[in-house]
Amino acid sequence: MRRSLALVSAAVTSMVALAFLIPLALMVKEIARDRALNDAERQAGSLAPALAITTDRTALQRAVASTQAGAAGRMAVHLPPRTGGTVGTSRARLTDLATATERGRSFSAPAAGGYVLLQPVALDQDRTAIVEVYLPRQDLARGVQAAWVTLTVVAAVLVAGSVVVADRLGARVVGSARTLARAATALGAGDLRTRIDPQGPPELRDAGRAFNTMADRVEQLLAAERELIADLSHRLRTPLTAMRLNAAALGAEPAAEQTRLAVARLEEEVDQIIRSARKPMETARCDAADVLRDRMAFWSALAEDQERDCELIGAGGPVAVPVPRAELSAVLDSLLGNVFRHTPEGTAFAVTLHAGAGLVGILVADAGPGITDPEAALRRGASGGGSTGLGLDIARRMAEAAGGDVRIDRSALGGAQVQIWLPTTPKRPRRRRRP
(Lines give C-alpha, C1' and ligand atoms only; values in the text may rest on other atoms or scores of the structure.)
Protein backbone atom coordinates (compact mmCIF):
# COMPACT_ATOMS: atom_id res chain seq x y z
CA MET A 1 0.00 0.00 0.00
CA ARG A 2 2.82 2.38 0.82
CA ARG A 3 4.46 1.68 -2.55
CA SER A 4 1.17 2.22 -4.37
CA LEU A 5 0.55 5.54 -2.63
CA ALA A 6 4.10 6.67 -3.38
CA LEU A 7 3.78 5.74 -7.06
CA VAL A 8 0.41 7.47 -7.39
CA SER A 9 1.73 10.59 -5.68
CA ALA A 10 4.83 10.64 -7.91
CA ALA A 11 2.73 10.20 -11.05
CA VAL A 12 0.23 12.93 -10.14
CA THR A 13 2.89 15.41 -9.03
CA SER A 14 4.94 14.73 -12.16
CA MET A 15 1.96 15.38 -14.42
CA VAL A 16 1.14 18.62 -12.59
CA ALA A 17 4.78 19.72 -12.70
CA LEU A 18 5.03 18.98 -16.41
CA ALA A 19 1.77 20.82 -17.08
CA PHE A 20 3.24 23.96 -15.52
CA LEU A 21 6.94 23.63 -16.27
CA ILE A 22 6.76 22.95 -20.02
CA PRO A 23 4.87 26.19 -20.80
CA LEU A 24 7.08 28.02 -18.29
CA ALA A 25 10.24 26.72 -19.99
CA LEU A 26 8.97 27.86 -23.38
CA MET A 27 8.09 31.22 -21.90
CA VAL A 28 11.63 31.58 -20.49
CA LYS A 29 13.06 30.85 -23.93
CA GLU A 30 10.79 33.42 -25.56
CA ILE A 31 11.64 36.03 -22.92
CA ALA A 32 15.37 35.52 -23.55
CA ARG A 33 14.82 35.96 -27.30
CA ASP A 34 12.74 39.11 -26.81
CA ARG A 35 15.34 40.53 -24.44
CA ALA A 36 18.09 40.04 -27.02
CA LEU A 37 15.99 41.58 -29.81
CA ASN A 38 15.03 44.57 -27.64
CA ASP A 39 18.69 45.17 -26.82
CA ALA A 40 19.54 44.99 -30.52
CA GLU A 41 16.76 47.48 -31.35
CA ARG A 42 18.06 49.84 -28.67
CA GLN A 43 21.57 49.71 -30.08
CA ALA A 44 20.29 50.15 -33.63
CA GLY A 45 18.17 53.11 -32.52
CA SER A 46 21.23 54.77 -30.97
CA LEU A 47 22.60 55.35 -34.50
CA ALA A 48 19.53 57.24 -35.68
CA PRO A 49 20.79 60.66 -34.41
CA ALA A 50 24.15 60.15 -36.11
CA LEU A 51 22.49 59.22 -39.43
CA ALA A 52 20.26 62.28 -39.18
CA ILE A 53 23.32 64.51 -38.97
CA THR A 54 25.71 62.91 -41.44
CA THR A 55 26.25 60.00 -43.78
CA ASP A 56 30.02 60.34 -43.76
CA ARG A 57 31.58 56.88 -43.56
CA THR A 58 34.30 57.91 -41.13
CA ALA A 59 31.82 59.47 -38.72
CA LEU A 60 29.52 56.48 -39.02
CA GLN A 61 32.38 54.09 -38.37
CA ARG A 62 33.13 55.92 -35.11
CA ALA A 63 29.42 55.83 -34.17
CA VAL A 64 29.17 52.09 -34.92
CA ALA A 65 32.33 51.35 -32.94
CA SER A 66 30.89 53.20 -29.94
CA THR A 67 28.09 50.61 -29.54
CA GLN A 68 28.49 47.19 -27.91
CA ALA A 69 27.44 45.30 -31.01
CA GLY A 70 29.64 47.48 -33.23
CA ALA A 71 32.66 46.94 -31.03
CA ALA A 72 32.06 43.18 -31.33
CA GLY A 73 31.83 43.41 -35.13
CA ARG A 74 28.13 42.58 -35.23
CA MET A 75 26.72 45.91 -36.50
CA ALA A 76 26.56 47.41 -39.98
CA VAL A 77 24.94 50.48 -41.62
CA HIS A 78 23.59 50.14 -45.14
CA LEU A 79 23.52 53.64 -46.70
CA PRO A 80 21.26 54.53 -49.61
CA PRO A 81 22.57 53.74 -53.12
CA ARG A 82 25.12 56.14 -54.52
CA THR A 83 25.79 57.45 -50.98
CA GLY A 84 28.51 55.36 -49.46
CA GLY A 85 27.67 51.63 -49.49
CA THR A 86 27.89 49.64 -46.25
CA VAL A 87 29.69 50.60 -43.07
CA GLY A 88 30.73 47.65 -40.91
CA THR A 89 30.43 43.86 -41.39
CA SER A 90 27.14 42.78 -42.94
CA ARG A 91 25.55 39.32 -42.71
CA ALA A 92 22.08 40.14 -44.02
CA ARG A 93 20.81 38.99 -47.41
CA LEU A 94 19.96 41.51 -50.09
CA THR A 95 16.37 40.33 -50.19
CA ASP A 96 15.98 40.98 -46.46
CA LEU A 97 17.44 44.47 -46.90
CA ALA A 98 14.95 45.17 -49.66
CA THR A 99 12.09 43.89 -47.49
CA ALA A 100 13.14 46.13 -44.59
CA THR A 101 13.25 49.15 -46.95
CA GLU A 102 9.78 48.40 -48.30
CA ARG A 103 8.21 47.79 -44.87
CA GLY A 104 9.77 50.82 -43.25
CA ARG A 105 9.93 49.10 -39.85
CA SER A 106 12.33 46.80 -38.10
CA PHE A 107 12.15 43.01 -38.38
CA SER A 108 14.42 40.05 -37.77
CA ALA A 109 15.58 37.53 -40.35
CA PRO A 110 17.67 34.36 -40.14
CA ALA A 111 21.34 34.55 -40.95
CA ALA A 112 24.33 32.25 -40.78
CA GLY A 113 24.74 31.22 -37.13
CA GLY A 114 21.89 33.35 -35.79
CA TYR A 115 19.60 36.24 -36.74
CA VAL A 116 19.94 39.81 -37.97
CA LEU A 117 17.81 42.73 -36.83
CA LEU A 118 17.21 45.21 -39.62
CA GLN A 119 16.15 48.71 -38.47
CA PRO A 120 15.22 51.24 -41.21
CA VAL A 121 16.17 54.89 -40.52
CA ALA A 122 14.59 57.66 -42.64
CA LEU A 123 17.00 60.25 -44.10
CA ASP A 124 16.36 63.44 -46.07
CA GLN A 125 15.00 63.48 -49.63
CA ASP A 126 13.04 60.20 -49.06
CA ARG A 127 16.19 58.25 -48.59
CA THR A 128 16.40 55.28 -46.11
CA ALA A 129 19.36 53.74 -44.36
CA ILE A 130 19.25 50.27 -42.81
CA VAL A 131 20.97 49.57 -39.49
CA GLU A 132 21.85 45.88 -39.14
CA VAL A 133 22.58 44.19 -35.78
CA TYR A 134 23.69 40.55 -35.83
CA LEU A 135 22.53 38.27 -32.99
CA PRO A 136 24.29 34.90 -32.56
CA ARG A 137 22.10 32.01 -31.41
CA GLN A 138 23.79 31.87 -28.02
CA ASP A 139 22.72 35.46 -27.36
CA LEU A 140 19.11 34.58 -28.14
CA ALA A 141 19.25 31.66 -25.61
CA ARG A 142 21.38 33.35 -22.96
CA GLY A 143 20.29 32.22 -19.45
CA VAL A 144 17.75 29.72 -20.81
CA GLN A 145 19.73 26.60 -19.90
CA ALA A 146 20.31 27.78 -16.33
CA ALA A 147 16.60 28.58 -15.95
CA TRP A 148 15.63 25.15 -17.30
CA VAL A 149 18.01 23.43 -14.86
CA THR A 150 16.48 25.42 -12.00
CA LEU A 151 12.97 24.47 -13.08
CA THR A 152 13.97 20.80 -13.34
CA VAL A 153 15.44 20.84 -9.84
CA VAL A 154 12.29 22.49 -8.49
CA ALA A 155 10.14 19.84 -10.18
CA ALA A 156 12.28 17.02 -8.80
CA VAL A 157 12.08 18.48 -5.29
CA LEU A 158 8.29 18.75 -5.57
CA VAL A 159 7.97 15.14 -6.76
CA ALA A 160 10.31 13.85 -4.04
CA GLY A 161 8.46 15.86 -1.39
CA SER A 162 5.10 14.48 -2.49
CA VAL A 163 6.49 10.92 -2.41
CA VAL A 164 7.82 11.43 1.13
CA VAL A 165 4.49 12.84 2.32
CA ALA A 166 2.56 9.99 0.66
CA ASP A 167 4.93 7.43 2.17
CA ARG A 168 4.46 8.88 5.66
CA LEU A 169 0.70 8.84 5.20
CA GLY A 170 0.86 5.27 3.88
CA ALA A 171 3.09 4.21 6.79
CA ARG A 172 0.54 5.60 9.21
CA VAL A 173 -2.32 3.75 7.55
CA VAL A 174 -0.36 0.52 7.02
CA GLY A 175 0.99 0.56 10.57
CA SER A 176 -2.50 0.85 12.02
CA ALA A 177 -3.81 -1.87 9.71
CA ARG A 178 -0.94 -4.21 10.62
CA THR A 179 -1.52 -3.61 14.32
CA LEU A 180 -5.18 -4.50 13.87
CA ALA A 181 -4.26 -7.61 11.84
CA ARG A 182 -1.76 -8.79 14.48
CA ALA A 183 -4.34 -8.29 17.21
CA ALA A 184 -6.96 -10.21 15.23
CA THR A 185 -4.48 -13.05 14.67
CA ALA A 186 -3.62 -13.17 18.38
CA LEU A 187 -7.29 -13.18 19.31
CA GLY A 188 -7.97 -15.97 16.82
CA ALA A 189 -5.11 -17.96 18.35
CA GLY A 190 -6.80 -17.79 21.76
CA ASP A 191 -5.22 -14.76 23.46
CA LEU A 192 -8.39 -13.12 24.76
CA ARG A 193 -6.41 -10.36 26.53
CA THR A 194 -5.40 -8.84 23.21
CA ARG A 195 -6.47 -5.21 22.84
CA ILE A 196 -5.21 -2.38 20.66
CA ASP A 197 -4.81 1.37 20.97
CA PRO A 198 -6.90 2.75 18.05
CA GLN A 199 -4.66 4.87 15.82
CA GLY A 200 -4.51 6.07 12.24
CA PRO A 201 -7.30 7.51 10.08
CA PRO A 202 -10.81 7.80 11.56
CA GLU A 203 -11.99 4.65 9.76
CA LEU A 204 -9.16 2.54 11.23
CA ARG A 205 -9.72 4.06 14.68
CA ASP A 206 -13.37 3.05 14.44
CA ALA A 207 -12.29 -0.45 13.38
CA GLY A 208 -9.89 -0.63 16.34
CA ARG A 209 -12.60 0.38 18.81
CA ALA A 210 -14.97 -2.15 17.24
CA PHE A 211 -12.26 -4.83 17.60
CA ASN A 212 -11.81 -4.05 21.29
CA THR A 213 -15.57 -4.20 21.82
CA MET A 214 -15.72 -7.54 20.00
CA ALA A 215 -12.82 -8.92 22.04
CA ASP A 216 -14.53 -7.87 25.28
CA ARG A 217 -17.74 -9.50 24.16
CA VAL A 218 -15.98 -12.73 23.13
CA GLU A 219 -14.19 -12.88 26.47
CA GLN A 220 -17.47 -12.38 28.32
CA LEU A 221 -19.24 -15.04 26.26
CA LEU A 222 -16.46 -17.58 26.76
CA ALA A 223 -16.35 -16.85 30.49
CA ALA A 224 -20.10 -17.37 30.69
CA GLU A 225 -19.77 -20.59 28.70
CA ARG A 226 -17.04 -21.89 31.00
CA GLU A 227 -19.19 -21.10 34.02
CA LEU A 228 -22.11 -22.91 32.44
CA ILE A 229 -19.98 -25.96 31.68
CA ALA A 230 -18.63 -26.00 35.23
CA ASP A 231 -22.14 -25.65 36.63
CA LEU A 232 -23.48 -28.48 34.49
CA SER A 233 -20.53 -30.65 35.47
CA HIS A 234 -21.25 -29.97 39.13
CA ARG A 235 -24.83 -31.06 38.58
CA LEU A 236 -23.56 -34.40 37.29
CA ARG A 237 -21.92 -35.19 40.59
CA THR A 238 -25.18 -36.21 42.27
CA PRO A 239 -26.19 -38.89 39.74
CA LEU A 240 -22.55 -40.02 39.54
CA THR A 241 -22.49 -40.51 43.29
CA ALA A 242 -25.63 -42.60 43.06
CA MET A 243 -24.15 -44.67 40.24
CA ARG A 244 -20.95 -45.24 42.23
CA LEU A 245 -22.93 -46.43 45.24
CA ASN A 246 -25.03 -48.74 43.09
CA ALA A 247 -21.91 -50.10 41.39
CA ALA A 248 -20.31 -50.80 44.75
CA ALA A 249 -23.28 -53.04 45.63
CA LEU A 250 -23.05 -55.16 42.48
CA GLY A 251 -20.60 -57.64 43.89
CA ALA A 252 -17.29 -58.95 42.62
CA GLU A 253 -18.26 -60.14 39.14
CA PRO A 254 -16.11 -59.00 36.17
CA ALA A 255 -19.00 -56.98 34.76
CA ALA A 256 -19.46 -55.20 38.08
CA GLU A 257 -15.77 -54.38 38.24
CA GLN A 258 -15.91 -52.94 34.71
CA THR A 259 -18.92 -50.85 35.70
CA ARG A 260 -17.09 -49.48 38.72
CA LEU A 261 -14.09 -48.65 36.54
CA ALA A 262 -16.32 -46.87 34.05
CA VAL A 263 -17.98 -44.82 36.81
CA ALA A 264 -14.59 -43.90 38.23
CA ARG A 265 -13.41 -42.89 34.78
CA LEU A 266 -16.53 -40.78 34.29
CA GLU A 267 -15.93 -39.02 37.61
CA GLU A 268 -12.38 -38.24 36.54
CA GLU A 269 -13.60 -36.79 33.26
CA VAL A 270 -16.16 -34.61 35.05
CA ASP A 271 -13.46 -33.34 37.40
CA GLN A 272 -11.21 -32.61 34.43
CA ILE A 273 -13.99 -30.69 32.70
CA ILE A 274 -14.58 -28.58 35.81
CA ARG A 275 -10.87 -27.83 36.17
CA SER A 276 -10.56 -26.94 32.48
CA ALA A 277 -13.61 -24.69 32.63
CA ARG A 278 -12.28 -22.85 35.69
CA LYS A 279 -8.82 -22.25 34.21
CA PRO A 280 -8.13 -19.10 32.15
CA MET A 281 -8.59 -19.47 28.42
CA GLU A 282 -5.26 -20.56 26.96
CA THR A 283 -3.87 -22.95 24.42
CA ALA A 284 -3.93 -26.42 26.06
CA ARG A 285 -1.33 -29.08 25.34
CA CYS A 286 -0.98 -32.71 26.23
CA ASP A 287 1.28 -35.70 25.66
CA ALA A 288 -0.37 -37.68 22.87
CA ALA A 289 1.70 -40.79 23.63
CA ASP A 290 0.58 -40.83 27.27
CA VAL A 291 -3.07 -40.37 26.25
CA LEU A 292 -2.84 -43.23 23.73
CA ARG A 293 -1.26 -45.54 26.28
CA ASP A 294 -3.96 -44.71 28.83
CA ARG A 295 -6.87 -45.22 26.44
CA MET A 296 -5.45 -48.40 24.92
CA ALA A 297 -5.04 -49.80 28.44
CA PHE A 298 -8.73 -49.08 29.02
CA TRP A 299 -9.97 -50.59 25.75
CA SER A 300 -7.61 -53.56 25.75
CA ALA A 301 -9.67 -55.20 28.52
CA LEU A 302 -12.78 -55.17 26.33
CA ALA A 303 -10.72 -56.25 23.33
CA GLU A 304 -9.50 -59.25 25.29
CA ASP A 305 -13.08 -60.21 26.17
CA GLN A 306 -14.04 -60.06 22.45
CA GLU A 307 -10.85 -61.82 21.34
CA ARG A 308 -9.63 -58.85 19.33
CA ASP A 309 -5.95 -58.41 18.57
CA CYS A 310 -4.94 -54.82 19.36
CA GLU A 311 -1.63 -53.02 19.06
CA LEU A 312 -0.23 -49.60 19.98
CA ILE A 313 2.68 -48.45 17.80
CA GLY A 314 5.04 -45.48 18.20
CA ALA A 315 3.94 -44.29 21.67
CA GLY A 316 7.22 -44.95 23.42
CA GLY A 317 8.31 -41.34 24.02
CA PRO A 318 6.49 -38.07 24.77
CA VAL A 319 4.81 -36.33 21.82
CA ALA A 320 3.23 -32.95 22.60
CA VAL A 321 0.18 -31.75 20.64
CA PRO A 322 -1.76 -28.46 21.04
CA VAL A 323 -5.07 -30.00 22.18
CA PRO A 324 -6.48 -30.60 25.69
CA ARG A 325 -6.01 -34.06 27.11
CA ALA A 326 -9.73 -34.48 27.71
CA GLU A 327 -10.54 -33.70 24.05
CA LEU A 328 -7.96 -36.12 22.70
CA SER A 329 -9.17 -38.82 25.11
CA ALA A 330 -12.77 -38.25 24.00
CA VAL A 331 -11.79 -38.51 20.32
CA LEU A 332 -9.89 -41.76 20.85
CA ASP A 333 -12.74 -43.23 22.90
CA SER A 334 -15.21 -42.33 20.16
CA LEU A 335 -13.12 -43.80 17.35
CA LEU A 336 -12.26 -46.98 19.26
CA GLY A 337 -15.86 -47.30 20.41
CA ASN A 338 -16.95 -47.22 16.77
CA VAL A 339 -14.52 -50.02 16.01
CA PHE A 340 -16.18 -52.17 18.65
CA ARG A 341 -19.69 -51.18 17.52
CA HIS A 342 -19.30 -51.48 13.75
CA THR A 343 -16.96 -54.46 13.33
CA PRO A 344 -17.60 -58.10 14.28
CA GLU A 345 -16.04 -59.55 17.43
CA GLY A 346 -12.57 -60.85 16.84
CA THR A 347 -11.73 -58.03 14.39
CA ALA A 348 -8.23 -56.72 15.01
CA PHE A 349 -7.38 -53.03 15.31
CA ALA A 350 -4.25 -50.95 15.82
CA VAL A 351 -3.42 -47.39 16.89
CA THR A 352 -0.25 -45.79 15.53
CA LEU A 353 1.40 -42.54 16.67
CA HIS A 354 3.62 -40.89 14.07
CA ALA A 355 5.73 -37.85 15.07
CA GLY A 356 7.21 -35.92 12.14
CA ALA A 357 8.72 -32.47 11.57
CA GLY A 358 6.09 -30.07 12.87
CA LEU A 359 3.28 -32.64 12.43
CA VAL A 360 1.87 -35.48 14.52
CA GLY A 361 -0.31 -38.22 13.11
CA ILE A 362 -2.66 -40.54 15.05
CA LEU A 363 -3.83 -43.49 12.92
CA VAL A 364 -6.71 -45.73 14.05
CA ALA A 365 -6.93 -48.78 11.78
CA ASP A 366 -9.11 -51.87 11.86
CA ALA A 367 -9.58 -55.09 9.87
CA GLY A 368 -13.33 -54.58 9.42
CA PRO A 369 -15.38 -54.05 6.26
CA GLY A 370 -14.07 -50.50 5.80
CA ILE A 371 -15.91 -47.39 4.52
CA THR A 372 -17.38 -47.53 1.03
CA ASP A 373 -17.33 -43.75 0.45
CA PRO A 374 -14.68 -41.97 2.59
CA GLU A 375 -15.34 -38.57 0.99
CA ALA A 376 -19.04 -38.76 1.81
CA ALA A 377 -18.22 -39.87 5.35
CA LEU A 378 -15.96 -36.84 5.80
CA ARG A 379 -18.65 -34.52 4.48
CA ARG A 380 -21.33 -35.98 6.71
CA GLY A 381 -19.13 -36.52 9.74
CA ALA A 382 -20.80 -39.90 10.23
CA SER A 383 -20.45 -43.38 8.88
CA GLY A 384 -22.55 -45.07 6.31
CA GLY A 385 -21.92 -48.44 7.88
CA GLY A 386 -18.15 -48.37 8.41
CA SER A 387 -16.13 -47.89 11.57
CA THR A 388 -16.12 -44.11 12.08
CA GLY A 389 -19.56 -43.07 13.22
CA LEU A 390 -19.86 -40.00 15.39
CA GLY A 391 -16.20 -40.28 16.34
CA LEU A 392 -15.20 -38.90 12.94
CA ASP A 393 -17.15 -35.70 13.48
CA ILE A 394 -15.63 -35.21 16.94
CA ALA A 395 -12.15 -35.90 15.56
CA ARG A 396 -12.63 -33.48 12.66
CA ARG A 397 -13.73 -30.64 14.95
CA MET A 398 -10.77 -31.17 17.26
CA ALA A 399 -8.27 -31.33 14.38
CA GLU A 400 -9.61 -28.24 12.62
CA ALA A 401 -9.59 -26.28 15.89
CA ALA A 402 -5.88 -27.05 16.24
CA GLY A 403 -5.09 -26.31 12.58
CA GLY A 404 -4.95 -29.93 11.40
CA ASP A 405 -7.24 -32.22 9.45
CA VAL A 406 -8.72 -35.72 9.26
CA ARG A 407 -8.35 -38.23 6.42
CA ILE A 408 -9.77 -41.68 5.69
CA ASP A 409 -8.14 -44.39 3.63
CA ARG A 410 -7.71 -48.16 3.48
CA SER A 411 -5.67 -49.66 6.31
CA ALA A 412 -2.99 -52.31 6.04
CA LEU A 413 -5.30 -54.56 8.08
CA GLY A 414 -7.85 -54.47 5.28
CA GLY A 415 -10.46 -52.19 6.85
CA ALA A 416 -10.76 -48.45 7.43
CA GLN A 417 -8.00 -46.19 8.69
CA VAL A 418 -8.80 -42.81 10.25
CA GLN A 419 -5.83 -40.43 10.18
CA ILE A 420 -5.77 -37.45 12.53
CA TRP A 421 -2.98 -34.99 11.70
CA LEU A 422 -2.16 -32.28 14.23
CA PRO A 423 0.54 -29.56 14.16
CA THR A 424 3.06 -29.50 16.97
CA THR A 425 2.39 -25.78 17.44
CA PRO A 426 -1.08 -24.18 17.49
CA LYS A 427 -2.17 -22.67 14.21
CA ARG A 428 -5.19 -20.88 12.93
CA PRO A 429 -7.94 -23.42 12.27
CA ARG A 430 -8.54 -24.38 8.66
CA ARG A 431 -12.16 -24.47 7.63
CA ARG A 432 -13.23 -27.28 5.40
CA ARG A 433 -15.44 -26.25 2.51
CA ARG A 434 -18.78 -27.87 2.66
CA PRO A 435 -20.77 -28.47 -0.51
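Remember, predicted model here, so these are calculated numbers, not experimental data. Within each chain, residue numbers correspond to sequence positions counted from 1 in written order. Only residues with pLDDT of 70 or above have their local features reported here, since the model is predicted, and side-chain atom pairs are shown and tallied only from 80 upward, although totals for entire chains, interfaces and linings are computed over all residues. As a rule here, side-chain values come from all non-hydrogen atoms in the structure, and water together with hydrogens is ignored.

1. Re the packing of aromatic side chains
Cut-off, in case you're wondering: Think of it this way: a Phe, Tyr or Trp ring, Trp meaning its six-membered ring, pairs with another when their centres are within 6.5 Å, and the plane angle makes it stacked under 30 degrees, edge-to-face over 60, tilted otherwise. Runs of H or I in DSSP of at least four residues are treated as helices and runs of E of at least two as strands, each being numbered from the N terminus. Throughout, exposure labels follow a simple rule: accessible area from a 1.4 Å probe, protein chains only, divided by the maximum for the residue type, with under 20% read as buried, over 50% as exposed, and the rest as partly exposed.
What the rule picks out here adds up to 3 aromatic pairs. Ring geometry for F298 versus W299: centroids 5.6 Å apart, planes at 90 degrees, classification edge-to-face. Taking the centre distance of 5.2 Å and the plane angle of 25 degrees together, the rings of W299 and F340 count as stacked. Pair noted here: W299 is in helix 11 (residues 288-305) and F340 is in helix 12 (residues 325-342), with a separation of 41 residues, a long-range link. As far as burial versus exposure is concerned, W299 and F340 are alike and both buried. Ring pairs connect the aromatic residues F298, W299, F340 and F349, which therefore count as one cluster.

2. Comments concerning the packing of helix 1 (residues 2-45) against helix 7 (residues 144-188)
The following threshold applies: Interaxial angle, 0 to 180 degrees, is taken between N-to-C directions of lines fitted to C-alpha atoms, where a helix line uses only the stretch in contact. When describing relative orientation, an angle under 35 degrees is termed roughly parallel and one over 145 degrees roughly antiparallel, while 65 to 115 degrees is termed roughly perpendicular and anything else oblique. It is the rotation of the near helix from the far one that decides the hand of a crossing: anticlockwise by less than a right angle makes it left-handed, clockwise makes it right-handed. Each residue gets one of three labels, nonpolar for Ala, Val, Leu, Ile, Met, Phe, Trp, Tyr, Cys and Pro, charged for Asp, Glu, Lys and Arg, and polar for the others, Gly among them.
Across the interface, helix 1 lies against helix 7 with an axial gap of 8 Å and an inter-helix angle of 165 degrees. When the interaxial angle is binned, helix 1 and helix 7 end up roughly antiparallel. Crossing handedness for the pair helix 1 and helix 7: right-handed. In the contact of helix 1 with helix 7, the residues fall into 20 nonpolar, 5 polar and 4 charged.

3. Some thoughts on helix 11
Operational definition: Here, expected helix span is obtained from the residue count minus one, scaled by 1.5 Å. Identification of polar contacts relies on pairs of N or O atoms within 3.5 Å, with a donor-acceptor requirement for protein atoms, meaning one able to donate a hydrogen and the other able to accept it, and with residues adjacent in sequence counted only if both atoms are side-chain atoms.
End to end, helix 11 covers 26 Å across 18 residues, agreeing with the expected 26 Å (1.5 Å per residue, within 8%). Residues A288, A289, V291, L292, R295, M296, W299 and A303 constitute the buried set of helix 11. Sitting at the head of helix 11, D287 places a side-chain oxygen 3.1 Å from the backbone nitrogen of A289.

4. Observations concerning the packing of helix 11 against helix 12
The cut-off we apply is this: Note on contacts: a residue pair is in contact if any heavy atoms of the two residues lie within 4.5 Å.
Running from N to C, helix 11 and helix 12 cross one another at 30 degrees; their axes reach a closest spacing of 10 Å. Of the two possible hands of crossing, helix 11 and helix 12 adopt the one that is right-handed. Across the interface between the two elements, A288, D290, V291, L292, D294, R295, M296, W299, L302 and A303 from helix 11 touch R325, L328, S329, L332, D333, L336, G337 and F340 from helix 12. Residue composition of the contact of helix 11 with helix 12, grouped by class: 11 nonpolar, 2 polar and 5 charged.

5. Digging into the pattern of salt bridges
Put simply, the rule is: Just to be clear on terms, a salt bridge is a Lys or Arg side-chain nitrogen sitting within 4 Å of an Asp or Glu carboxyl oxygen.
Counting across every chain of the model gives 14 salt bridges. D294 is paired through a salt bridge with R295; the nearest N and O atoms lie 3.1 Å apart. On the accessibility criterion, R295 (3% relative accessible area) is buried. One network of salt bridges, with partners in common, ties together R74, D139 and R142.

6. Remarks on the nonpolar core
Here is the rule we go by: In this text, buried Ala, Val, Leu, Ile, Met, Phe, Trp, Tyr and Cys residues form a nonpolar core when linked through side-chain atoms within 4.5 Å.
Judged by nonpolar contacts, the single largest core of 39 residues is most densely connected at L328, L353 and I420. For this core, the secondary-structure elements that each account for two or more residues are helix 11, helix 12, strand 9 (349-355), strand 10 (359-366), helix 13 (374-380), helix 14 (390-402), strand 11 (405-410) and strand 12 (416-423). The residues contacting L328, other than those within four sequence positions of it, are C286, A288, V291, V321, V323, I362 and M398. With 22 residues, the next largest nonpolar core counts L47, A69, V87 and A129 among its residues.

7. Concerning the sheet that holds strand 7 (residues 310-313)
Sheets are built from strands paired through backbone hydrogen bonds, the pairs being either parallel or antiparallel. Quick note on the threshold: Whether two strands pair depends on DSSP finding at least two bridges between them.
Reading across from one edge, 7-9-10-12-11 is the order of the 5 strands in this open sheet, with mixed pairing throughout. The two strands at the open ends of the sheet, each matched to only one other strand, are strand 7 and strand 11. In this sheet, adjacent strand axes meet at a mean angle of 15 degrees when their direction is disregarded. Two elements, strand 11 and strand 12, share 6 bridges in a ladder whose sense is antiparallel. From the neighbouring strand, I408 faces strand 12, where its bridge partner is V418. Sheet strands in contact with helix 12 are strand 9, strand 10 and strand 12, and its direction is about 20 degrees off that of strand 10.

8. Notes on the pairing of strand 1 (residues 75-78)
Every regular strand shows the same layout, with side chains that alternate between the two sheet faces. Side-chain alternation along strand 1 places M75 and V77 on one buried face and A76 and H78 on a second face that is also buried. Pairing between strand 1 and strand 5 (residues 128-136): 4 bridges, direction antiparallel. Of the residues in strand 5, the one forming a bridge with V77 is V131. Where strand 1 and strand 2 (residues 86-88) come together, 3 bridges link them in antiparallel fashion. The residue bridging A76 from the neighbouring strand is G88, located in strand 2.

9. Here's the deal with the side chain of S176
Mapped onto the fold, S176 is located in helix 7. Accessibility expressed as a relative area gives 12% for S176, which makes it buried.

10. Some details on the confidence of the model for the protein
Condition: Per residue, pLDDT captures the predictor's confidence, and it can take any value from 0 to 100.
Per-residue confidence for the protein gives a mean pLDDT of 81; residues scoring 70 or more make up 88%. A low-confidence stretch, residues 381-389 (pLDDT under 50), is modelled with 26 contacts involving residues beyond four sequence positions or located in other chains. Here residues 428-435 is modelled with pLDDT under 50, and outside its nearest four sequence neighbours on either side it reaches 16 contacts, counting other chains as well.

11. A word on the UniProt feature "transmembrane region" (unreviewed entry) in the protein
Going by this rule: UniProt positions are given in the numbering used here, feature names are shortened, and annotations may be inferred rather than shown by experiment.
According to UniProt, the feature "transmembrane region" (unreviewed entry) maps to residues 6-28 and 146-166 in the numbering used here. Taken end to end, residues 6-28 has its terminal C-alpha atoms 31 Å apart, with 100% of it in helix and 0% in strand. This span, residues 146-166, is 100% helix and 0% strand, and a straight line between its end C-alpha atoms measures 30 Å.

12. Some remarks on the sheet that holds strand 1
An order of 2-1-5-4-3 is seen for the 5 strands of this open sheet, with the pairing classed as antiparallel. The two strands at the open ends of the sheet, each matched to only one other strand, are strand 2 and strand 3 (107-111). Taking each pair of neighbouring strands and ignoring which way they run, the sheet shows an average axis angle of 25 degrees. Running over the sheet, helix 1 touches strand 1, strand 3, strand 4 (114-122) and strand 5 and is turned about 145 degrees from strand 5. In the packing of helix 3 (residues 57-65) onto the sheet, contacts are made with strand 1 and strand 2, and the angle to strand 2 comes to roughly 35 degrees.

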